[in-house]
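Architecture at a glance
What follows is the residue order along each chain.
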Amino acid sequence: MLINVSNLTFEYTGFRALNNISFSIPSGSIVALVGPNGAGKTTLLRCLSALEQPLNGTILIDGIDVLEHPRACHRKVGYLSDFFGLYDRLTVKQCLFFVARAQGIKTQDCAKAILKVSRQLNIEDRLENTPVELSRGLRQRVAIAQAIIHQPKVVLLDEPASGLDPEARHSLAELFLELQQQGMTLLVSSHILSELEAYSSDMLILRQGRIVEQVSIHEKSKQLKTFKLVLSHSSTALRGILFNTPMLSHITINDKQATFKLDGGVNNQQQLLKKLVEQQVPICEFSPITTNLQDAYLSTVQS
Amino acid sequence: MNPEFQRYLQLEFSLARMVVMPTFLGIIFSLIYVLDGNGYQKTIANTALIFYTLIVLFWGAKQAANSLFEEINNHTWDIQKTSAISAWSLTWGKLLGSTLYNWYGGFICLAIYSYMTPEPFFTPLIWVYFISAGIFAQSSGLLMSLLSLRSERNLNSSFSYLFILLSLFLFSTLLFNYLSFLRSTAHWYGHSYNEANFISISLCLACGWCIIGIYRLIAEALRIRSLPWVWIAFIVFSTTYTIGFFIFEEFFKKDITHLIIGASFIILSTSGYILLFLDENNPMLARRLWIYAQQQKWQRFIQEIPCWVISLSLALPCAFLLTLFSSFENIEEITPIPLVIYFLIIRDASLLLYFNYALNPKNATGLTLLYLVCLYFLFPVILFNLEFKLLAEFVLPLLDENIISASIIAALQAFFVIFLLFSRWKKRMNQMDC
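Residues numbered from 1 in each chain as written. Chains lettered and ligands numbered in written order. Predicted model: local features only at pLDDT ≥ 70, side-chain atom pairs only at ≥ 80, totals over all residues. Heavy atoms only, no water.

Points about the overall build of chain A
Each helix and strand in chain A was counted, giving 11 helices and 14 strands. In chain A, buried positions account for 53% of the 303 residues. Accessible surface computed for chain A: about 13600 Å², of which carbon and sulfur atoms make up 48%. (Helix = DSSP H or I, 4+ residues; strand = E, 2+ residues; numbered from the N terminus. Buried < 20%, exposed > 50% of the residue type's maximum accessible area, 1.4 Å probe, protein only. Areas by Shrake-Rupley, 256 points an atom, 1.4 Å probe, with all protein chains shown as cover.)

Below you can see the structure in the form of structure tokens.
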């Protein structure tokens, strides 16, 4: 595990923002940190990047105790705040040069690092502009470039897609997958669940300062793979077939429509369909009900 | 090169700015030359020093303070805090980087002064004095902004500027009397020194402590922990420095131990009292300390304990010893009521914490100061004028001539506020645990 958090508690005067939370994040994953406003997402990210001091608990990032050795952790972590700022009087190139030097990259290696990160973020043609001349999306890219210029192992991003148009969000998702392929581990907090689904491998649900659930998104989707069967007219045989098929569960029949969960892969689907056709059940539709991250999130939070 | 310094170099030194400063100063000095026919050399030299003061001290201090306020307001402070840059690089990068342009103008002024002064013999001394004064003013500006950040108050830069301006105004009167100090003598630890040299060295030492203070506060912002040795060293230095002025006075020769304890008490209680209002006093810090104590993490406990607590803790034995000396040797005129003063400081500290631990601690410092004005001034004056002398003495025990009863009343007041504070703290913690 690259990130290990145990019994983390953080309090602001008057309320507990993080309540004794523990979780682990494997290396090379993209974890979506989701939860309602005030759930503690930003506080958690700030604790992980050693910007806030928790009341209790331990945070280990790549074996480094963040609370004991915050400066050592900064070399391994890149952080993008939700209210990020840029040095507006410098050019983008100068901004990146400053951050590269501040992150300990040698002067002679800075040009190479700037070129690499600006290509990754597709901002090479903006290096001589000042941040004030850039759109919101481009400013966001510059801020992300600053956060990853030192090639950190862990990238913590707080609402990176807020205020971006759909095209910019799409390219951001592609960027995150690219960073993952390079071996980085990303923890991304966002309210826009549909966008997280495009690139996240895991989901960490935070509510009222507690971890409600940590789950692999693909597992979650698999768990919730439900099928829908629609008939052209009612069939008495349907009930018997469905309830006598062992691979089905959670069966609901409603006149000309039925829903159920089907274990296994396409072969089981084919077998079931074959059985129904042989028994002359008047099928006009047989399809999986797709559940998205939002459904998964809502079902977890509501339960 | 230091990245922070390099960033300022890129920001501050555009060609246009490089040209503007000498042009502006050139116009000013040319104007003086044209207007002031005969004595123009001396006038230009003096004007150069005045402009140096304005550019390096006043504007420079503002720039140094602004260097941090700008980072906070532009949301770039997090970038620096999560970088690998060292606290020392950030200290001198900010201090020298943010004031580079001011030094550019300042050195032009000093060069003009050196060329025009009718007393060239003193020029090296003037350079040392004015440069150290500039560093002191600018480092004080940065120190103030760091302290306001630490105390988690709203970053009110105008308040800091006002404070800096007032301090600099007082400081510049000292600065322009410098030449008169050249002819007078300072006595320190029984030795005589040229006063101008002594002030220059003292100023350099003050600069050193200011820079160390900035370094410590930046290190703290970067979450680098350390034991409070620097603060203790500062207290020892201040006490040693202060004692040097009195130790060979006839009056103190009789009892040097008494003088050392007395000076320590004054330095500890004064520094503790000032820092009390500048430090972080939120209940979460107390809660963290409480947890460290419960977990017996004593090193972490000492690392995070506010410096004012250390000062006031060390002041307590001094207060006791002074009181003992007073009663045995009958020299109350030097240390009249140290215990009374100590208890009143504890009462005031508890009062400040009490307001800070409120559910909505808005402007706790302002509220405390208001209460203190009432307790130290308004109520005693009113009661005294109404001839309720006993009541006035009860409100302000310092008025009581009997040291024992004054100490008891002050202790009662302190314990009463401590009780209120403890009750509020307990209530707040219970709310948090629920």
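Quick notes on the overall build of chain B
Looking only at helices and strands, chain B has 20 helices and 2 strands in total. Expressed as a percentage of the 434 residues in chain B, the buried residues total 50%. Here the contacts in chain B between residues at least 6 apart in sequence split such that 75% fall between residues at least 24 apart. If you sum the accessible surface of chain B, you get close to 21400 Å²; carbon and sulfur atoms cover 71% of it. (Contact = heavy atoms within 4.5 Å.)

Brief notes about the pattern of salt bridges
Residue and element names in this part refer to chain B. What the rule picks out here adds up to 20 salt bridges over all chains. Here Arg288 and Glu304 are joined by a salt bridge, their closest N and O atoms 2.9 Å apart. Placement of the pair is Arg288 in helix H14 (residues 283-294) and Glu304 in helix H15 (residues 298-304), with a sequence separation of 16 residues. Glu304 matches Arg288 in its accessibility class, with the two residues each being buried. Each member of the salt-bridge network shares a partner with another, and the members are Glu4, Arg7, Glu71 and Lys94. (Salt bridge = Lys/Arg side-chain N within 4 Å of Asp/Glu carboxyl O.)

Points about the interface of chain A and chain B
Each partner contributes to the interface: chain A provides 39 residues, whereas chain B provides 36 residues. For the pair chain A and chain B, the summed buried surface comes to about 3500 Å²; carbon and sulfur atoms form 52% of the total. Between Glu11(A) and Arg287(B) there is a salt bridge whose closest N-O contact spans 2.4 Å. At the junction of chain A with chain B, the criterion picks out 20 residue pairs in polar contact (both at pLDDT 80 or more). Mapped by element, the contributors of at least two residues to the side of chain A that touches chain B are strand S1 (3-12), strand S2 (15-25), helix H2 (70-74) and helix H3 (92-102) of chain A. Top contributing element to the side of chain A that touches chain B by residue count: H3(A), with 6 residues. Classifying every residue of the side of chain A that touches chain B gives 18 nonpolar, 12 polar and 9 charged. (Buried area = accessible area lost by both parts, 1.4 Å probe. Polar contact = N/O pair within 3.5 Å; in protein donor to acceptor, adjacent residues only side chain to side chain. Nonpolar A, V, L, I, M, F, W, Y, C, P; charged D, E, K, R; others polar.)

Here we look at the sheet that holds strand S4 (residues 56-61) of chain A
Residues and elements named next belong to chain A. Within the open sheet, the 4 strands sit side by side as S2-S1-S4-S5. Their pairing is antiparallel. The open sheet has two free edges, formed respectively by S2 and strand S5 (64-65), since each of these has just one partner strand. In this structure, S1 lies alongside S4, joined through 5 bridges in antiparallel fashion. Its bridge partner lying in S4, Val5 is registered against Ile59. (Pairing = 2+ DSSP bridges.)

Considering empty space enclosed by the protein
Enumeration according to the criterion identifies 4 cavities of 30 Å³ or more in this entry. One number sums up the size of the largest cavity: a volume of about 170 Å³. Taken together, 17 residues line the largest cavity, and the ones lying closest to its centre are Tyr79(A), Gln146(A), Ala147(A), Ile79(B) and Thr82(B). Looking at the lining of the largest cavity, the elements with two or more residues in it are strand S6 (77-80) and helix H5 (136-148) of chain A together with helix H4 (77-81) of chain B. Element by element, the count of residues in the lining of the largest cavity is highest for S6(A), at 4 residues. (1 Å grid on protein atoms, 1.4 Å probe; cavity = no way out; pocket = protein on both sides within 12 Å on 5 of 7 lines; lining within 4 Å. Points joined across faces, edges and corners; volume = space filled by probe spheres on them.)

With respect to the side chain of Arg46(A)
Within the secondary structure, Arg46(A) is located in helix H1 (residues 41-48). Leaving out residues up to four positions away in the same chain, Arg46(A) has contacts with Leu51(A), Glu52(A), Tyr79(A) and Asp78(B).

Overview of helix H6 (residues 100-116) of chain B
Residues and elements named next belong to chain B. Taking 1.5 Å per residue as the helical rise, H6 with its 17 residues ought to reach 24 Å, and the 24 Å between its terminal C-alpha atoms agrees with that figure. For H6, every residue scored as buried is listed here: Leu100, Tyr101, Asn102, Trp103, Gly105, Gly106, Cys109, Leu110, Tyr113 and Met116. Next to the buried residues of H6 lie helix H1 (3-12), helix H2 (15-35), helix H3 (40-73), helix H5 (87-97) and helix H7 (123-150). (Expected span 1.5 Å × (residues − 1).)

Overview of the packing of helix H11 (residues 229-246) of chain B against helix H13 (residues 256-278) of chain B
Residue and element names in this part refer to chain B. Where H11 contacts H13, the axes come no closer than 9 Å and their chain directions differ by 130°. What the angle tells us is that H11 and H13 run oblique. Seen along the crossing, H11 lies across H13 with a hand that is right-handed. Contacts between H11 and H13 involve Trp231, Ile235, Ser238, Thr239, Thr242, Ile243 and Phe246 from the first element and Leu259, Ile260, Ala263, Ser264, Ile267, Leu268, Ser271 and Leu275 from the second. Broken down by class, the residue content of the contact of H11 with H13 amounts to 10 nonpolar, 5 polar and no charged. (Axes fitted to C-alpha atoms, helices over the stretch in contact; angles between N-to-C directions. Parallel < 35°, antiparallel > 145°, perpendicular 65-115°, else oblique. Left-handed = near helix turned anticlockwise from the far one by under 90°.)

Here's the deal with the layout of surface pockets
Residue and element names in this part refer to chain B. Considered as a void within the structure, the second largest pocket measures approximately 790 Å³ in volume. Along its surface, the second largest pocket is lined by 29 residues, and Ala286, Trp308, Leu353, Tyr357 and Leu421 are the ones closest to its centre. When contributions to the lining of the second largest pocket are tallied by element, the ones reaching two or more residues are H14, helix H16 (307-329), helix H17 (338-356) and helix H20 (403-433). When residues of the lining of the second largest pocket are assigned to their parent elements, the largest contribution, 7 residues, is made by H20. The residue inventory of the lining of the second largest pocket, partitioned by class, reads 21 nonpolar, 4 polar and 4 charged.

Quick look at the packing of aromatic side chains
All names here are of chain B. Within the structure shown, the criterion is met by 38 aromatic pairs over all chains. For the pair Trp188 and Tyr189, a centre-to-centre distance of 4.8 Å together with 85° between the ring planes defines the contact as edge-to-face. Trp188 gets classed as partly exposed once you look at its relative accessible area, which sits at 22%. Overall, the relative accessible area of 25% leaves Tyr189 in the partly exposed class. Taken together, a centroid distance of 5.7 Å and an interplanar angle of 80° make the contact between Phe198 and Phe245 edge-to-face. (Phe/Tyr/Trp six-rings, centres within 6.5 Å; stacked < 30°, edge-to-face > 60°.)

Describing H14(B)
The periodicity of an α-helix, 3.6 residues per turn, causes residues three or four positions apart to be oriented the same way. Residues and elements named next belong to chain B. End to end, H14 covers 16 Å across 12 residues, agreeing with the expected 16 Å (1.5 Å per residue, within 8%). Within the sequence span of H14, burial applies to Pro283, Met284, Leu285, Ala286, Arg287, Arg288, Leu289, Ile291 and Tyr292. For H14, the N-terminal capping position is held by Asn282, with its side-chain oxygen 2.9 Å away from the main-chain nitrogen of Met284. Just past H14, the residue Gln296 takes up positive phi, approximately 60°.

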